[in-house]
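The chain contents come next:
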Amino acid sequence: MAVIRSSYAPGGGTRPPKVFGRDDLRERLRVSIERLRIGRPVKSLVIVGLRGVGKTVLLSQMLRDAESLGVHTVYVEAPEGRSLPSLLAPQLRTALLCMSTVQEAKDSANRALRALSGFAKSLKVTYQDIEVSSDFEPEAGLADNGDLVGDLSTLLTQVGEAVRHARTALVIFIDDLQYVVEPELVALIIALHRVSQLGLPIAIVGAGLPQLRRRVGSAKSYAERLFDYPEISLHQPLKAK
Ligand SMILES: Nc1ncnc2c1ncn2[C@@H]1O[C@H](COP(=O)(O)OP(=O)(O)OP(=O)(O)O)[C@@H](O)[C@H]1O
Ligand SMILES: [Mg+2]
C-alpha cells in the first residue's frame, strides 16, 4: 500500500537528529495499528508530560511510524485560539480524497466528503475559522445540524466507514491537546466513543500537559475506557563512553 504523507509538517520541538528512547510507546502504536487493520478494538492514547520533555518530538516520530506502516494519518497541532473543527476539516478532506481513489472505498469516501461539506457549512456560523473546499454537495441531514457533538460524531463515523472500506486505519494525532476548549474536547470524546462502539478503525494519539488526564477523564465517564494516559519524562541520553 502506498505511504500517505500528511500535508502538515509538525512544528514545535526541533527535530533531533535521532529520537532517543520511547520504544515502548512506538511499539504500542504499531500494535494498535495492526489491531485496527483487522477490526480489533484499541485504546487511544493521551501522552502527557511537563513542558519540554519531548511530547512533540515523540508525536512527530509516531506520525512517521504510522505513515511508514501505510495507514492514513491526520496531524494537527492545537494552537490557542483555533477551533478543533477548523483544524481537522482540511486534514480529513485530504485523507478522504486519498481514500476515494481506492475502488472499494470510493462510495463511502465520497459520502464522507459530503458529510464534511455539510459539517463545514453548518458549523461556519459558530466556527468562523473553518476553511475547507467543499468540492462535494452536502447531503441533507448528514453532519449538517450545526451542533458540534452530533455533527462530529456523524462525520467521524462516515470517515470510519471509508477507512474500513479502504481496508486500512486512520490515526489522528493532536498535539497540545490542552488548548482544545471543553465543548470541543467533549465532542471529540463522544465522536471517538461512537466510532469505537461501531468497531471502526480510527484511533487518536493526543499529547499535552499532565492536567489533560483529569480533563479528559472528567469530560465523559467512559473516557477512562477509551484512553490510556502514558506519562513521559525528560529523556536521559546515554553518556558516550
Ligand atoms: N526522544 C528524544 N530524543 C532526542 N531529543 C529529544 C527527544 N525528545 C525531546 N528531545 C529534545 O527536546 C526538545 C524539546 O522537545 P519537545 O518540543 O518535543 O517537548 P514538548 O514536550 O513537546 O514541549 P512543550 O510542552 O513545550 O510542547 C526537542 O527540541 C529535542 O531537541
Ligand atoms: Mg510540544
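Residues numbered from 1 in each chain as written. Chains lettered and ligands numbered in written order. Predicted model: local features only at pLDDT ≥ 70, side-chain atom pairs only at ≥ 80, totals over all residues.

Chemist: Which residues make up the overall build of the chain, and what values go with them?
Modeler: The helix and strand inventory of the chain stands at eight helices and five strands. Against the compact-globule benchmark of 18 Å for 241 residues, the chain has a radius of gyration of 17 Å, which places it among compact chains. Seen through its principal axes, the chain has C-alpha atoms that stretch 65 × 35 × 30 Å. Considering only contacts within the chain whose residues lie at least 6 apart along the sequence, 80% involve residues at least 24 apart. (Helix = DSSP H or I, 4+ residues; strand = E, 2+ residues; numbered from the N terminus. Rg over C-alpha atoms; globule rule 2.2 N^0.38 Å. Contact = placed C-beta atoms within 7 Å.)

Chemist: Explain helix α1 (residues 23-37) to me, using residue names and the numbers behind them.
Modeler: For α1, built from 15 residues, the straight-helix expectation of 21 Å at 1.5 Å per residue is met to within 8% by its first-to-last C-alpha distance of 21 Å. All buried positions along α1 are accounted for by Leu29, Ser32, Ile33 and Leu36. Looking straight down α1, one finds its buried side chains confined to an arc of 100°; they lie on one side. Exposed side chains of α1 directed beyond 90 degrees from the buried face belong to Asp23, Asp24, Glu27 and Val31. Summarising the contacts, the buried residues of α1 are in contact with α2 (55-68), β3 (170-175) and β4 (202-208). (Expected span 1.5 Å × (residues − 1). Buried ≥ 20, exposed ≤ 12 C-beta atoms within 10 Å, placed from the backbone. Arc of directions from axis to C-beta.)

Chemist: Let's hear about the packing of helix α3 (residues 84-99) against helix α4 (residues 106-123): which residues, and what values?
Modeler: Two quantities define a packed helix pair, namely the angle between the axes and the distance from one axis to the other. Running from N to C, α3 and α4 cross one another at 160°; their axes reach a closest spacing of 9 Å. Relative to α4, the element α3 is oriented roughly antiparallel. Crossing angle aside, the handedness with which α3 passes α4 is left-handed. Judged by residue contacts, Pro85, Ala89, Leu92, Arg93, Leu96 and Met99 of α3 engage Ala109, Ala112, Leu113, Leu116, Phe119, Ala120 and Leu123 from α4. Considered class by class, the residues forming the contact of α3 with α4 number twelve nonpolar, no polar and one charged. (Axes fitted to C-alpha atoms, helices over the stretch in contact; angles between N-to-C directions. Parallel < 35°, antiparallel > 145°, perpendicular 65-115°, else oblique. Left-handed = near helix turned anticlockwise from the far one by under 90°. Nonpolar A, V, L, I, M, F, W, Y, C, P; charged D, E, K, R; others polar.)

The values are spatial; any link to function lies outside them.
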